[in-house]
Amino acid sequence: NAGVTQTPKFRILKIGQSMTLQCTQDMNHNYMYWYRQDPGMGLKLIYYSVGAGITDKGEVPNGYNVSRSTTEDFPLRLELAAPSQTSVYFCASRPKPGQATMNTEAFFGQGTRLTVV
Amino acid sequence: GNSVTQMEGPVTLSEEAFLTINCTYTATGYPSLFWYVQYPGEGLQLLLKATKADDKGSNKGFEATYRKETTSFHLEKGSVQVSDSAVYFCALSEVQGAQKLVFGQGTRLTINP
């Protein structure tokens, strides 16, 4: 069971370059999220999605874009990389709550470590 | 808005010592509370959770009790092991809507043999 898979694991970008961080999950989860983790800080929410075709901004969306064309995939796009985007990025997913389970567990990928130089 | 505050780290203990990592939260309504653990080079894993006041979550010898009156969810373990060395995150989740997780800043725990 693969769970949440992120690629690449590591990447170095030059200022102004663009890239897409890939995230896919095989658990048929409705909800997906992108977080960034800066040293000594907790995780900050960038974007989230409650289902295919539906996305919304989180706490720190500037400089990023997302799309959700399928249930499985939730890519994160950086258009013009800046040093401030150096961070570790985590994708997470969780099932939509049901009647029996009001709050469900979130599953995380292993992260993408991005350095912008 | 919702927020989580954890005790600052890093925390260094000897094996078999007692562990407490403090966590307090600010939230509207009645969120669910979580502790996640991050081992080196890995993503976050759910350690335990509590979904209503006075619930106690427990797993792998760790415990935390949802205290509504003090808005706290402190993590405890009676006897830590070297393998418990990791970063621990307290988090809360909205019960409604997209159930976004809000994290504390994390506490790095190192256990020495």
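Shown above is the structure to which this text applies.
For every chain, the first residue of its written sequence is number 1, and the numbers climb from 1 along that sequence. For this description, chains carry letters from A and ligands carry numbers from 1, given in the order in which they are written. Only residues with pLDDT of at least 70 get local features here, since the model is predicted, and only at 80 or more are side-chain atom pairs given and counted; chain-wide, interface and lining totals rely on the full set of residues. Derived side-chain values reflect all non-hydrogen atoms in the structure, with water molecules and hydrogen atoms excluded from consideration.

Draft legend 1. Focus on the pattern of salt bridges. Residue and element names in this part refer to chain B. One side-chain nitrogen of Lys or Arg within 4 Å of one carboxyl oxygen of Asp or Glu is enough to make a salt bridge. As enumerated under the stated definition, the model contains 7 salt bridges over all chains in all. The closest approach of N and O atoms between Glu 63 and Lys 56, which form a salt bridge, is 3.6 Å. A relative accessible area of 34% places Glu 63 in the partly exposed class. Taking the relative accessible area as the measure of exposure, Lys 56 reaches 52% and is therefore exposed. A simple rule labels every residue: compare its accessible area, found with a 1.4 Å probe on the protein chains alone, to the largest value its type can have, and call it buried under 20%, exposed over 50%, or partly exposed in between.

Draft legend 2. Spatial organisation of the interface of chain A and chain B. The contact rule is simple, with two residues in contact once any of their heavy atoms fall within 4.5 Å. Contacts between the two partners involve 22 residues from chain A and, on the opposite side, 23 residues from chain B. When two components associate, each loses some accessible surface as probed by a 1.4 Å sphere; the sum of these losses over both components is called the buried area. Across the interface of chain A and chain B, roughly 1700 Å² is buried in total on both sides, 54% from carbon and sulfur atoms. In this structure, the connection of chain A to chain B is made through 0 salt bridges. In protein, a polar contact means a hydrogen-donor-capable atom and an acceptor-capable atom, both N or O and within 3.5 Å, with residues adjacent in sequence counting only if both atoms are side-chain atoms; elsewhere, any N or O pair within 3.5 Å suffices. Counting across the interface, chain A meets chain B through 6 residue pairs in polar contact (both at pLDDT 80 or more).

Draft legend 3. Summary view of the environment of Leu 45 of chain A. Secondary structure elements are defined from DSSP: runs of H or I of at least 4 residues count as helices, runs of E of at least 2 residues count as strands, and each element is numbered from the N terminus. Within the element layout of this structure, Leu 45 of chain A appears in strand β5 (residues 43-51). For Leu 45 of chain A, a relative accessible area of 7% puts it in the buried group. Distance in space between the C-alpha atoms of Leu 45 of chain A and Tyr 89 of chain A is 9.9 Å, their sequence separation being 44 residues. Sequence-distant contacts of Leu 45 of chain A, defined by excluding residues within four places in its chain, comprise Tyr 33, Trp 34, Tyr 35, Gly 58, Glu 59 and Val 60 of chain A together with Lys 100 of chain B.

Draft legend 4. Representation of the sheet that holds strand β7 (residues 64-66) of chain A in the model. Residues and elements named next belong to chain A. Within the open sheet, the 4 strands sit side by side as β1-β3-β8-β7. Their pairing is antiparallel. Two strands in the sheet have a free side with no partner beyond their single neighbour: β1 (4-7) and β7. Each strand axis lies, on average, 20° off the axis of its neighbour in the sheet, ignoring direction. Where strand β3 (residues 19-25) meets strand β8 (residues 76-78), 3 bridges bridge the pair, whose relative direction is antiparallel. Residue pairing in the sheet places Met 19 in a bridge with Leu 78 of β8. When DSSP finds two or more bridges between two strands, those strands count as paired. For every element, the axis is a line fit to its C-alpha atoms; helices are fit only across the contacting stretch, and the angle between N-to-C directions ranges from 0 to 180 degrees.

Draft legend 5. Spotlight on the environment of Val 87 of chain B. Residue and element names in this part refer to chain B. Looking at where Val 87 falls in the secondary structure, it is placed in strand β10 (residues 86-93). Judged by its relative accessible area of 11%, Val 87 falls in the buried class. Spatially, the C-alpha atoms of Val 87 and Gly 106 are 6.1 Å apart, while their sequence positions differ by 19 residues. Excluding anything up to four places from it in sequence, Val 87 contacts Tyr 36, Val 37, Gln 38, Gly 106, Thr 107 and Arg 108.

Draft legend 6. Expanded view of the state of the cysteines. Cysteine sulfur atoms are paired as a disulfide whenever they come within 2.5 Å of each other. Under the definition given, this model contains 2 disulfides over all chains. The partner cysteine of Cys 23 of chain A in its disulfide is Cys 91 of chain A, sulfur to sulfur 1.9 Å. Measuring handedness by torsion sign, the sulfur bridge of Cys 23 of chain A and Cys 91 of chain A sits at about -70° and is left-handed. You can see Cys 23 of chain A sitting in strand β3 and its partner Cys 91 of chain A sitting in strand β9 (residues 87-94), a full 68 residues away along the chain. Side by side, Cys 23 of chain A and Cys 91 of chain A carry an identical accessibility label, which is buried. At a sulfur-sulfur separation of 2.0 Å, the disulfide partner of Cys 23 of chain B is Cys 90 of chain B. One disulfide, between Cys 23 of chain B and Cys 90 of chain B, carries an S-S torsion of -70° and so falls in the left-handed class.

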